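Now for the letters of each chain:
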Amino acid sequence: ATARTSPSGVQRFHAGLESRVTRRLGLADDLRQALERDEIEVYFQPKVTLADRRLVGVECLARWEHPVLGTVSPEDFVAVAENTGQIGALTEAVLRAGLQRCRDWPDADDPLSIAVNISARLLDEPEFPAQVKALLEHYGVAAGRVTFEIGQPALTVENERPLPVLRRLRDLGVRISVDDFGVGASSFGYLRQLPIVELKVDRRFVQGMATDPGDLAVVRAAVMLARQFGLGAVAEGVESELALDLLTDMGCEIGQGFLFSRPLPYERLEAWYWAQTEVEATPSGEFRRLR
Ligand code: C2E
Ligand code: MG
Ligand code: MG
Ligand code: MG
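Residues numbered from 1 in each chain as written. Chains lettered and ligands numbered in written order. Predicted model: local features only at pLDDT ≥ 70, side-chain atom pairs only at ≥ 80, totals over all residues. Heavy atoms only, no water.

## Points about the coordination of the magnesium ion (ligand 2)
Okay, so step 1: At this site the magnesium ion (ligand 2) is bound by Glu59 (OE), Asn117 (OD1), Glu149 (OE) and Asp179 (OD), with donor distances of 2.0 to 2.2 Å.
Okay, so step 2: Here the donor residues of the magnesium ion (ligand 2) are spaced in sequence according to E-x57-N-x31-E-x29-D.
Okay, so step 3: Here the magnesium ion (ligand 2) and the magnesium ion (ligand 3) are spaced 4.5 Å apart, linked through Asp179, which binds each one. One end of the pair, Glu59, is in strand 4 (residues 55–66); the other, Glu149, is in strand 7 (residues 146–151), with 90 residues separating them in the sequence.
Okay, so step 4: Overall, the relative accessible area of 4% leaves Glu59 in the buried class. (Donors = N, O, S within 2.8 Å, 3.2 Å for Na, K, Ca; no water. Helix = DSSP H or I, 4+ residues; strand = E, 2+ residues; numbered from the N terminus. Buried < 20%, exposed > 50% of the residue type's maximum accessible area, 1.4 Å probe, protein only.)

Given below as structure tokens:
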């Protein structure tokens with residue numbers, strides 16, 4: 001294993017000798033510094049209608065390029081943030097970036113909607129909804145253009161704790177989505193109680209669907225469940241035309257995945273959008289959308 005020195009001067013070991021936990025502890029100070037210096041970037045991955053690939057919104061995904069370690073996986077640094085009291089700051093940075101992009105968005109006929117991932121921990125913070133409200137007002141973005149994605153594992157049977165915060169978020173007008181649906185255990189009764197509008201089927205099942213009948217059954221059941229409960233169904237991890245066909249056949253309307261686009265830096269998202277959108281030049285030299 002090689003020893004490396006982090007910007008905070010701490011020696012760390014790599015190549016398997018070091019446990020994930022040790023690495024997380026070592027990363028905590030670096031993450032704090034990155035947040036202070038505004039070095040966490042946000043990429044945007046399109047969610048599209050499966051029927052005609054129109055943009056319905058973007059998921060905001062945090063990215064961190066560590067000066068020494070290089071790219072750190074969001075799963076890793078989100079865990080660091082959760083375990084070291086920094087998840088509020090990380091989420092705020094991502095939400096601010098997304099809201100700013102809602103303002104920057106160039107197509108006034110078709111405003112941008114954003115989705116932001118919310119850790120279970122924030123649902124324990126009674127002040128969280130008020131902070132969200134203040135940010136929405138600050139950026140002047142309508143609450144209905146913001147979706148919060150909450151992983152199903154946080155929403156397990158009989159967990160009443162997140163309900164008050166979820167309800168207050170819903171009352172603000174924010175949309176709430178259950179992310180990674182299929183990997184957690186929520187009873188039907190509990191799901192019905194949740195103020196949600198969408199189920200996002202976990203990408204593992206969507207990716208496996210073409211080759212594994214069990215995965216296909218999970219995706220189909222989730223889409224049917226969403227339908228029956230009057231919720232939107234979103235498939236994430238759509239990577240192939242075959243997956244697209246299967247999803248279309250089962251009545252899933254919205255998808256996200258590498259088949260449509262990877263997560264993109266904002267400038268490339270705009271370029272992707274215009275490439276998808278037919279425009280014509282008007283006599284005055286402005287652009288007009290045809291679809
Ligand atoms: P997620 O919320 O389920 O986000 C979707 C993940 O699936 C993203 O990974 C995205 O890049 C990936 N993905 C989308 N389509 C495809 C596909 O077709 N194929 C493959 N192989 N992957 C696809 P990413 O960006 O690495 O994020 C991983 C997880 O980290 C997210 O899963 C989310 O749980 C968490 N995360 C990312 N940003 C944030 C954040 O700002 N806050 C919180 N709390 N969690 C975040
Ligand atoms: Mg998500
Ligand atoms: Mg997911
Ligand atoms: Mg996830």
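## Concerning the pairing of strand 7
Okay, so step 1: The buried fraction of strand 7 is high, at 6 of 6 residues.
Okay, so step 2: Here strand 7 shows two buried faces, one formed by Val146, Phe148 and Ile150 and the other by Thr147, Glu149 and Gly151.
Okay, so step 3: Alignment of strand 6 (residues 114–118) against strand 7, held across 5 bridges, turns out to be parallel. Looking at strand 7, one finds that Ile118 is bridged to Ile150.
Okay, so step 4: With helix 4 (residues 128–139) bridging strand 6 and its parallel neighbour strand 7, the resulting β-α-β unit is right-handed.
Okay, so step 5: As judged from the 5 bridges shared by strand 7 and strand 8 (residues 175–181), these two strands associate in the parallel manner. Following the sheet pairing, Phe148 is matched in strand 8 by Ile176.
Okay, so step 6: Taken together, strand 7, helix 5 (residues 163–172) and strand 8 constitute a β-α-β crossover, and its handedness is right-handed. (Pairing = 2+ DSSP bridges. Right-handed = clockwise from strand over helix to strand, strands pointing away.)

## Considerations on the site of ligand 1
Okay, so step 1: Taken together, 23 residues lie around ligand 1, and Asn117, Asp179, Arg203, Glu239 and Phe258 are the ones closest in.
Okay, so step 2: Between an oxygen atom of ligand 1 and a main-chain N or O atom of Phe258, the distance comes to 2.8 Å.
Okay, so step 3: Contact with the protein chains removes 87% of the 800 Å² of surface that ligand 1 exposes when unbound.
Okay, so step 4: For the shell around ligand 1, the elements supplying multiple residues, two or more each, are strand 4, helix 2 (74–83), strand 8 and helix 7 (203–208).
Okay, so step 5: Looking at the shell around ligand 1, the element that brings in the most residues is strand 4, giving 4 residues.
Okay, so step 6: Looking at the shell around ligand 1 residue by residue, the class counts come to 8 nonpolar, 6 polar and 9 charged. (Near = heavy atom within 4 Å. Polar contact = N/O pair within 3.5 Å; in protein donor to acceptor, adjacent residues only side chain to side chain. Areas by Shrake-Rupley, 256 points an atom, 1.4 Å probe, with all protein chains shown as cover. Nonpolar A, V, L, I, M, F, W, Y, C, P; charged D, E, K, R; others polar.)

## Quick word on the pattern of salt bridges
Okay, so step 1: Going through the model one piece at a time under the given rule, you end up with 16 salt bridges.
Okay, so step 2: Close ionic contact of Lys133 with Glu137 constitutes a salt bridge, the shortest N to O distance being 3.3 Å. Note that Lys133 and Glu137 are positioned in helix 4 at a spacing of 4 residues, about one turn of the helix.
Okay, so step 3: For Lys133, a relative accessible area of 41% corresponds to the partly exposed category. (Salt bridge = Lys/Arg side-chain N within 4 Å of Asp/Glu carboxyl O.)

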